[in-house]
Amino acid sequence: SSLSPGERFDEWRRIRRGDARIAIGTRSAVFAPLENIGLVIVDEEHDGSYRQQESPFYHARDVAVVRANFANAVVVLGSATPSLETYHNSKNGKYTYLHLPNRIGNRPLAKAELVDMRSVFRENGKDVVFSNELLTAIEETHAKGEQSIILLNRRGFSQFILCRTCGETIRCQNCDITLTFHRRDNVLMCHYCGFRAKVPSKCPFCDSKFIYFIGEGTEQIEDILRRRFSTLRIARVDRDSTRRRKSFEETLLDFSEHKIDMLVGTQMLAKGHDFPKVTLVGVVSVDAGLALPDFRSAERTFQLLTQVAGRAGRGLLQGRVIIQTFYPEHYALQHACTQSYEDFYGEEIRFRQKLGYPPFVALASILIHHANYNYAFDNAQILKECLQTANSERQARILGPAPAPLARLKGEHRLQ
């Protein structure tokens, strides 16, 4: 991870020669040229980043299981919030289940609570970013000399720009997505292809000056908190603020040495970090994650919340987690508050079975993409006819072709 090509090559050669007997790395480390493998460990096995999204396509966790099987080795899949497929495999006896019910030193879990932002909206008569509960908790935490983490899984300053006269939004010229406003660079940016555009002073469609910035990102959250708590030392951790090599590690080191009072960031903050003086975790909004058109949206939201809740109260001090939401009744949020994976699994697995989703079926997505929409669609139709011919016994359901979730990306139309 983060190695230059030369450094990567040197490490590969060390493993190949047998000079190194342990290989540690990100998903590509599963292909390390080790011989006589005895143990493969996949930490945080539920993490979506183990899936390679471009060719060659693979899921590092599944490759690890197969590779360990070929080598007659043991594979350990570790997670506080396992993927449903992995936990289901342990339930039906395919995997051996090893349970660690207690934190180190029998420390209690952080106390988590939901704040209903519908009530906050009614009280204030307008949208507010922070509830009084979270602002009060931040004040109390830092009055005691303790640290806090604020999570918003959305970078940039504002999600998109809307014209309040004609209703148009400013979109990427290469992708089917709105551009995100980044105030520090004063630029509109596509988070998929990197396209940049100037921030307009008036609407490019109707010349109206009533341009409205909608939705908060980590940059705006940091700005609000700096103005509200001027004495706090605040740092932001997201892909924009950590582009410089080693900057992420330097920020975490300063935080661990208490040179920083508060971290504001995306899901980069949710996993694996151990800061004993962090007693407050605030989650600004989780509703966008729940609304994604993905059958795993509830599972991923539960995992993110449970993981970030685990950052609070890791030392001798009691931790507290405050989650702001417009949907406090959702079962993923309710179970994330109790941090009960078993209860979440029991509810989620029933939905999966009723609706015919993994782990009860195998689901394959075939993506057809081309700069010419008609060419892509014609090829998708040919592919569907071939699949239907091969599926004469109707052992599979074939759906589509339909637009992919991002129907146009990097100048190409996408069908699935």
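Look up: the structure comes first, before these words.
Cut-offs used in this document
Residues numbered from 1 in each chain as written. Predicted model: local features only at pLDDT ≥ 70, side-chain atom pairs only at ≥ 80, totals over all residues. Heavy atoms only, no water. Patch = residues over 30% accessible without salt bridge, like charges linked within 9 Å, V, L, I, M, F, W, Y side chains within 5 Å. Areas by Shrake-Rupley, 256 points an atom, 1.4 Å probe, with all protein chains shown as cover. Salt bridge = Lys/Arg side-chain N within 4 Å of Asp/Glu carboxyl O. Helix = DSSP H or I, 4+ residues; strand = E, 2+ residues; numbered from the N terminus. Buried < 20%, exposed > 50% of the residue type's maximum accessible area, 1.4 Å probe, protein only. Polar contact = N/O pair within 3.5 Å; in protein donor to acceptor, adjacent residues only side chain to side chain. Contact = heavy atoms within 4.5 Å. Pairing = 2+ DSSP bridges. Axes fitted to C-alpha atoms, helices over the stretch in contact; angles between N-to-C directions. Core = buried A, V, L, I, M, F, W, Y, C linked by side-chain atoms within 4.5 Å. Parallel < 35°, antiparallel > 145°, perpendicular 65-115°, else oblique. Left-handed = near helix turned anticlockwise from the far one by under 90°. Nonpolar A, V, L, I, M, F, W, Y, C, P; charged D, E, K, R; others polar. Phe/Tyr/Trp six-rings, centres within 6.5 Å; stacked < 30°, edge-to-face > 60°.

Asker: I'd like a description of a nonpolar patch on the surface, backed by residues and values.
Answerer: A grouping of L39, I41, V74 and V76 is seen on the molecular surface, where their side chains present a nonpolar patch of about 370 Å² in accessible area. Sorting the residues of the nonpolar patch by element identifies β1 (39–43) and β2 (74–78) as the ones contributing at least two each. Along the chain, the position of V76 falls in strand β2.

Asker: How would you summarise the environment of R184 if you had to cite specific residues and measurements?
Answerer: Position of R184 relative to the elements: it lies in the loop between β6 (180–182) and β7 (187–189). R184 sits in the exposed class, given a relative accessible area of 52%. A sequence separation of 148 residues divides R184 from N36, and the C-alpha atoms of the two residues are 51 Å apart.

Asker: Which residues make up the side chain of S208, and what are the values?
Answerer: With respect to the secondary-structure elements, S208 resides in the loop between β8 (196–198) and β9 (211–216). In this structure S208 comes out as buried when scored by relative accessible area, which is 8%. Here the side chain of S208 touches T165 through a polar contact of 2.6 Å, side chain to side chain. With residues up to four places along the chain from it excluded, the contact list for S208 reads C163, T165, K202 and C203.

Asker: Could you give me a rundown of the sheet that holds strand β16 (residues 412–415), with the residues and numbers involved?
Answerer: Whether parallel or antiparallel, the strands of a sheet pair through hydrogen bonds between backbone atoms. With antiparallel pairing, three strands are arranged side by side in an open sheet as β14-β16-β15. If you trace the sheet from one side to the other, it starts and ends with β14 (368–370) and β15 (403–409), each paired once. For this sheet the average axis-to-axis angle between neighbouring strands, irrespective of direction, equals 10°. Bridge analysis of β15 against β16 gives three bridges, and the strand direction is antiparallel. Across the sheet, residue L409 finds its bridge partner in β16, namely E412. Across the sheet, helix α12 (residues 373–390) touches β14 and β16, and the angle it forms with β14 is around 155°.

Asker: Got a sec to walk through the nonpolar core? Specific residues and values, please.
Answerer: Most often, soluble globular proteins keep nonpolar side chains buried together rather than apart. By size, the foremost hydrophobic cluster in this structure holds 38 residues, and its most contacted members are L263, V281, V283 and V321. Discounting chain neighbours no more than four positions away, the residues touching L263 are S148, I149, I150, A235, V237, T251, L252, F255 and L269. In this structure, L135, A137, I224 and M262 belong to the second largest nonpolar core, which totals 22 residues.

Asker: Account for the environment of M117, with residues named and values stated.
Answerer: Secondary-structure assignment places M117 in helix α4 (residues 117–124). You can call M117 buried: its relative accessible area is 5%. Taking the C-alpha atoms as reference, M117 lies 9.4 Å from S285; in sequence the two are 168 residues apart. Residues contacting M117, with those up to four places away along its chain left out, are V128, V129, S131, Q324, T325 and F326.

Asker: Quick rundown of the sheet that holds strand β4 (residues 147–151)? Include the residues and the values.
Answerer: The sheet built from six strands is open, its strands ordered β3-β13-β12-β4-β11-β10 with parallel pairing. Pairing within the sheet leaves two strands with one partner each, and these edge strands are β3 (111–116) and β10 (234–237). Sheet twist, expressed as the average angle between the axes of neighbouring strands with direction ignored, equals 15°. Of the pairings in the sheet, the one linking β10 to strand β11 (residues 262–265) comprises four bridges and is parallel in character. Across the sheet, A235 pairs through a bridge with L263, a residue of β11. Sheet strands touched by helix α7 (residues 247–256): β4, β10, β11 and β12 (278–283). Its angle to β11, the strand with the most contacts, is close to 145°. The sheet strands contacting helix α10 (residues 331–338) are β3 and β13 (320–325), and the helix crosses β3 at an angle near 150°.

Asker: Tell me about the packing of helix α9 (residues 297–309) against α10, and name the residues and values.
Answerer: The interhelical angle for the contact between α9 and α10, taken along N-to-C directions, is 25°, at an axis separation of 9 Å. Accordingly, the angle class assigned to the pair α9 and α10 is roughly parallel. Crossing of α9 over α10 shows right-handed handedness. Taken together, the residues of α10 that come into contact with α9 (itself represented by A298, T301, F302, L305 and T306) are Y331, A332, L333, H335 and A336. Among the residues making up the contact of α9 with α10, the classes are represented as seven nonpolar, three polar and no charged.

Asker: Explain the packing of aromatic side chains to me, and be specific about the residues and the numbers.
Answerer: As enumerated under the stated definition, the model contains twelve aromatic pairs in all. Seen from their ring centres, Y87 and Y345 are 4.7 Å apart, and the 75° between their planes marks the pair as edge-to-face. With Y87 in helix α3 (residues 84–91) and Y345 in helix α11 (residues 341–355), the pair connects residues that are 258 residues apart, well separated along the chain. Seen in terms of ring centroids, F255 and F275 are 4.9 Å apart; in terms of plane orientation they differ by 80°. Their pairing is edge-to-face. Highlighted residues: F255 in helix α7 and F275 in the loop between β11 and β12, separated in sequence by 20 residues. Each of the two residues, F255 as well as F275, counts as buried.

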